[in-house]
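Residue-level structural notes
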Amino acid sequence: GTVTFLSDEQIAMLDGFEGVPRIYQQQHFDKEVSEIFGNERWHPLQVMAYVKVDSQDWYPPSEAYCCAILRNLGGSFPGITKLSLRCTGGHLKDEWEHPGFRGLEMAAFLFEVGIRKKRPWVMPRGIGQIRQHVLERKISCPRGVIKEHLGDVMEEEDFTIAKE
């Protein structure tokens, strides 16, 4: 997995996206982690992970979440194209494969645009602001992300990426 250092403000924002306390709760663990850039030196660190509250019910992840996980895994496993979605008992519930840029739901599409920028949007706040403008203008699919509708809130680079 990946360990990321976050501020209290960032964790509070992430709690909202993770559905704390309804779907997930924060759980703290003492783990050994390796130092950055593969020094292969391990040391103890208290970490926090989101753990599902009710493991009896299955809630599939959002498409935007699947995009984020696929991108994260792709850093270590460049050939990965599909995610196996499992319940907490380890049973396969579904598989997810990236449908292509234009086949994504709006939140996932905006994640992909934001992450591909030379200077990515600050997540999740940056994507939330753009998404709010998209919802206010009743744009429901990636084909609607055009300059005439969003030129006041998106940059030229965003539109170039959106056309890929």
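Scroll up to find the structure.
Now for a description of the structure that goes with this document. These numbers were taken from a predicted model, which means no experiment stands behind them. (Residues numbered from 1 in each chain as written. Predicted model: local features only at pLDDT ≥ 70, side-chain atom pairs only at ≥ 80, totals over all residues. Heavy atoms only, no water.)

**Quick word on the overall build of the protein chain**
So the rule is basically this: Runs of H or I in DSSP of at least four residues are treated as helices and runs of E of at least two as strands, each being numbered from the N terminus. Each residue is assigned to one of three classes by its accessible area relative to the maximum for its type, calculated with a 1.4 Å probe on protein chains only: buried under 20%, partly exposed between the two thresholds, exposed over 50%. Contact criterion: two residues are considered in contact whenever any of their non-hydrogen atoms come within 4.5 Å of each other. Computed with a 1.4 Å probe, the accessible areas rest on the Shrake-Rupley method; for each residue, only the protein chains presented here act as cover.
Helix and strand content of the protein chain: six helices and four strands. From first element to last, N terminus to C terminus, the protein chain shows the α and β order α-β-β-α-β-β-α-α-α-α. The buried share of the protein chain, taken over its 164 residues, is 26%. Of the contacts made within the protein chain by residues no fewer than 6 positions apart, 48% connect residues no fewer than 24 positions apart. Carbon and sulfur atoms form 52% of the exposed surface of the protein chain, whose accessible area is close to 11400 Å².

**Some words on the state of the cysteines**
This is how it is decided: Note on terminology: disulfide denotes any pair of cysteine sulfur atoms within 2.5 Å.
Under the counting rule described, the total for this entry stands at zero disulfides. With no disulfide of its own, Cys67 has Cys66 as its nearest cysteine by sulfur position, at a separation of 7.2 Å.

**What to know about the nonpolar core**
Quick reminder of the rule: We call a set of buried residues a nonpolar core when its members are Ala, Val, Leu, Ile, Met, Phe, Trp, Tyr or Cys and they connect through side-chain atoms within 4.5 Å of each other.
Core analysis: the largest hydrophobic core is formed by 23 residues, its most contacted members being Trp96, Phe109, Leu110, Val113 and Trp121. In terms of residues, this core owes the most to one element, helix α3 (residues 106-116), which gives six residues.

**Points about the side chain of Lys52**
Inspection of the secondary structure puts Lys52 in strand β2 (residues 42-52). What Lys52 contacts, discounting residues up to four positions off in sequence, is Ile23, Tyr24, Asp57, Trp58, Tyr59 and Thr88.

**Let's talk about the packing of aromatic side chains**
What counts, and what does not: Only centres within 6.5 Å qualify two rings of Phe, Tyr or Trp (six-membered ring in Trp) as a pair; their planes then separate them into stacked at under 30 degrees, edge-to-face at over 60, and tilted for everything else.
Scanning the model with the defined rule gives one aromatic pair in all. Here Phe101 and Phe109 contribute two aromatic rings whose centre-to-centre distance is 5.0 Å and whose plane-to-plane angle is 50 degrees, an arrangement assigned as tilted. Just as Phe101 is buried, Phe109 falls in that class too.

**A few points about the side chain of Lys117**
Structurally, the position occupied by Lys117 is in the loop between α3 and α4 (125-136). In this structure Lys117 comes out as buried when scored by relative accessible area, which is 5%.

**Regarding the pattern of salt bridges**
Defined as follows: We count a salt bridge whenever a side-chain nitrogen from Lys or Arg sits within 4 Å of a carboxyl oxygen from Asp or Glu.
Applying the stated criterion to the full structure yields four salt bridges. Across the pair Glu95 and Lys82 runs a salt bridge whose closest N-O atoms are separated by 3.8 Å. Taken together, the residues Glu95 in strand β4 (residues 92-97) and Lys82 in strand β3 (residues 82-86) connect sequence positions 13 residues apart. Look at Lys82 and you get partly exposed, because its relative accessible area is 39%. Linking Glu112 and Arg116 is a salt bridge whose minimum nitrogen-to-oxygen distance equals 3.2 Å. Residue Glu112 and its partner Arg116 are both found in helix α3; the two are separated by four residues, about one turn of the helix. Accessibility expressed as a relative area gives 35% for Arg116, which makes it partly exposed. Taken together, the shared-partner salt bridges connect Arg71, Glu112 and Arg116 into one network.

None of the figures reported here should be taken as evidence of function without further support.
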